[in-house]
Structures are given as structure tokens and as C-alpha cells.
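Geometric and topological summary
If you want the building blocks of each chain, they are given just below.
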Amino acid sequence: MPSPNTAVSGTSPPTHTPVRPTRPTPPAPALPKSDRPARPGRRPAPRVPRGVRRAAGPVGLLAVWFLGSTTGVLPESVLASPIDVVRRAVDLTATGELPQAIAASGRRAAIGFLIGAAVALALSLTAGLFRLGEDVIDASMGMFRAIPWVGLIPLFIVWFGIDETPKIALVALGVTYPLYFNVYGGIRSADAQLIEAGRMAGLGRIGLIRYVILPSALPGALVGLRYALSTAWLALVFAEQVNADAGIGYLMSNAQQYFQTDVIVLCLAVYAALGLLCDFAVRLLSRRLLAWRASFDGEGA
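Attention in this report is confined to the structure presented alongside it. These numbers were taken from a predicted model, which means no experiment stands behind them. (Residues numbered from 1 in each chain as written. Predicted model: local features only at pLDDT ≥ 70, side-chain atom pairs only at ≥ 80, totals over all residues. Heavy atoms only, no water.)

Notes on the packing of helix α3 (residues 97–129) against helix α8 (residues 205–239)
Convention followed: All axes here are fitted lines through C-alpha atoms, helices being fitted over the stretch that makes contact, and every angle between N-to-C directions spans 0 to 180 degrees. Helical segments are the DSSP runs of H or I of at least four residues, strand segments are the runs of E of at least two, and each set is numbered from the N terminus. Less than a right angle of anticlockwise turn of the near helix away from the far helix marks a crossing as left-handed, whereas a clockwise turn marks it as right-handed. Between two residues, a contact is recorded if the distance between any of their heavy atoms is within 4.5 Å.
At a closest axis distance of 10 Å, the pairing of α3 and α8 adopts a crossing angle of 145°. In the crossing of α3 with α8, the sense of the turn from one axis to the other is right-handed. Where α3 approaches α8, its residues Ser 105, Gly 106, Arg 108, Ala 109, Phe 113, Leu 125 and Leu 129 are matched on the opposing element by Ile 209, Ile 213, Leu 214, Leu 225, Ala 228, Leu 229, Trp 233 and Leu 236.

Written as C-alpha cells, this is what we have:
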């Protein structure tokens, strides 16, 4: 009789396959609301164009202004209504005063900007590319920047008289500082590894400046250009208050004497529109010149 531990002839002992423990399947990550599939039967919310969203702020301010004027919260002696401002704009345009004022102010701003931009570029390139230039120029520019350029108007009148020269000089001075510091900072923020790679590729000093340093400084230069253009119009507001016989500031100064709030608001709106137009032009220029540069464009719709 075979023992219980002896296998019967022709049969094999049963084998037991070990059962491996199964790991629990982790739950699927929750999708953000923007990536979740829409529920059946529900249409996605329509996207509002960016142009409409950008215009929502100014249109809202105009609506509040109009309601305040019509309800009497803003008296005419304090702030003229938008309708009165539009009427005065039509009248001044018909007589030719407003176009002539815009042309005179635009000429001053353009000449002052060109002078200030030329000085700023020369100083920033010298200080950014050469250590000796940095030692001589940068400390002086930092010192002069602390002086309020509006406070230099009396000194400019003493130096240049009361003609067009002090007005243009004030605009040029206001343009110089933001453009200088942004271009200088852009040059000094160039990647040292890219410069070393350019040297290993055989680029000389001129090649490094043209193909590495200046493209790296271009974003900062365009930001400085936006600041400089806005500062040019801001400086012009102060400059045209000093013995001006033409320009937007001349209209504003005369309106102040006769308490014409509609003309004052109109002149401020013209300044704002001209500054916004220059800023829009620089934004288009930035998109064209920086098309090679991948940058963050915001999130969401």
C-alpha cells in the first residue's frame, strides 16, 4: 500500500501557482474644466473677441461719465459731458484750430523724440559694450535720472529762451532716460553662453555685436521705446504750458483761463489718443521684429 507521501504511478503531484497580488489602479486625474468634454445637449459658451474685451474698459468709463453728467452728479462746471466734448471737437475741427494744434504738438514731439533717441542709443551702446563707457556714463545717468526733469523747465528757459527750443529739449530729456536704461539693461543681460558659443564659432567682436548681443537687447529696447514714446507726450504736456502760441497745450492753457472744461477734456483725450496710437504702432513693430522669439502670451481665453 503506497504511503500518503508517495506519488501514484502515472500521476504527477498537483502544482500550486502562486497568485501575485494586484496593485490597485490609481484613479484617473481629473481634467480641468477647460478640457472636460461638454455635456451632451449643451453648447459651449461663445468666446468674446479680444478687441471687444479691450474696448470694454473705455466704453464702461464713457458710460459712467455720461450717466454722471445726465443725472447731475458731475456738474458742467466740474466736468463737461461727453456730448459737449464731441461738439466742441467738431467745432474746433471745422475752424481748423484742432488740426493745427495737433500738427504743432506732433512736430515738437517728433523732433524731441528723435534727438532724445539718438542720444540715448549712443550712450547706451557705449556704456553697454565697453567697460570704460560704463564707468564714465552709467553712474552719471543714474545721478541725472534722480533729478525731476519737469523741474528743469525754468533752467531751460534761462538757457534757451521762450521759443521752441526749451519745449523740444524737455521732450528729448524725457525720452533719453527710459530708452537708455532699457537698451543698456538689454545689452548687459545677453547670455554669456551664447557669446562664448559665438566666439567658438569664429565670430569677431563686430559679429558678436550684430548677431548675438543686439538681438538679445532688442526686447528690452522695444520696451524702452514704448516708455519713451509715452514720456514724450507727457513731457509735451508740461512743455506746452510755457509761453506756447500753438499746440494742444496752448488750447488747454487758454481753456483754463476761461473755465472751458470741455476744451480741457478734449485736449487730454487728444493726448491720450496720440499716445495710444504710438503704443499700438510699437506693439505691431514688436510682433514683427520678435517673431523669432517664443514668449509667454497669457493663459485662458
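Remarks on a positive patch on the surface
For clarity, the cut-off: Every patch collects residues that have over 30% relative accessible area and no salt bridge, joining them within 9 Å if they carry like charges and within 5 Å if they are nonpolar side chains (Val, Leu, Ile, Met, Phe, Trp, Tyr). Areas reported as accessible are Shrake-Rupley estimates using a 1.4 Å probe. Residue values count occlusion only from the protein chains shown. Salt bridge, as applied in this entry: a Lys or Arg side-chain nitrogen positioned within 4 Å of an Asp or Glu carboxyl oxygen. Residues counted as positive are Lys and Arg, residues counted as negative are Asp and Glu, and His and the chain ends are not counted. By convention, charge coordinates are those of NZ in Lys, CZ in Arg, CG in Asp, or CD in Glu.
Taken together, the side chains of Arg 47, Arg 53, Arg 54 and Arg 287 present a region of like positive charge at the surface. On the secondary structure map, Arg 54 appears in helix α1 (residues 50–70).

Remarks on the nonpolar core
What counts is decided by this rule: Put simply, a nonpolar core is a bunch of buried Ala, Val, Leu, Ile, Met, Phe, Trp, Tyr and Cys residues held in one set by side-chain atoms that sit within 4.5 Å of each other. Exposed residues in this analysis have more than 50% of their type's maximum accessible area, buried residues have under 20%, and partly exposed residues fall in between, with area computed by a 1.4 Å probe over protein chains only.
Phe 113, Leu 170, Tyr 180, Ile 248 and Leu 266 are the most contacted members of the largest nonpolar core, which has 57 residues in total. Contributing elements (two or more residues each) for this core: α2 (82–95), α3, α4 (131–145), α5 (153–160), α6 (164–188), α8, α9 (248–257) and α10 (261–289). In terms of residue count, the dominant contributor to this core is α8 (14 residues). In this view, Leu 266 contacts Val 85, Arg 88, Ala 89, Leu 92 and Leu 98; residues no more than four positions away in its chain are not counted.

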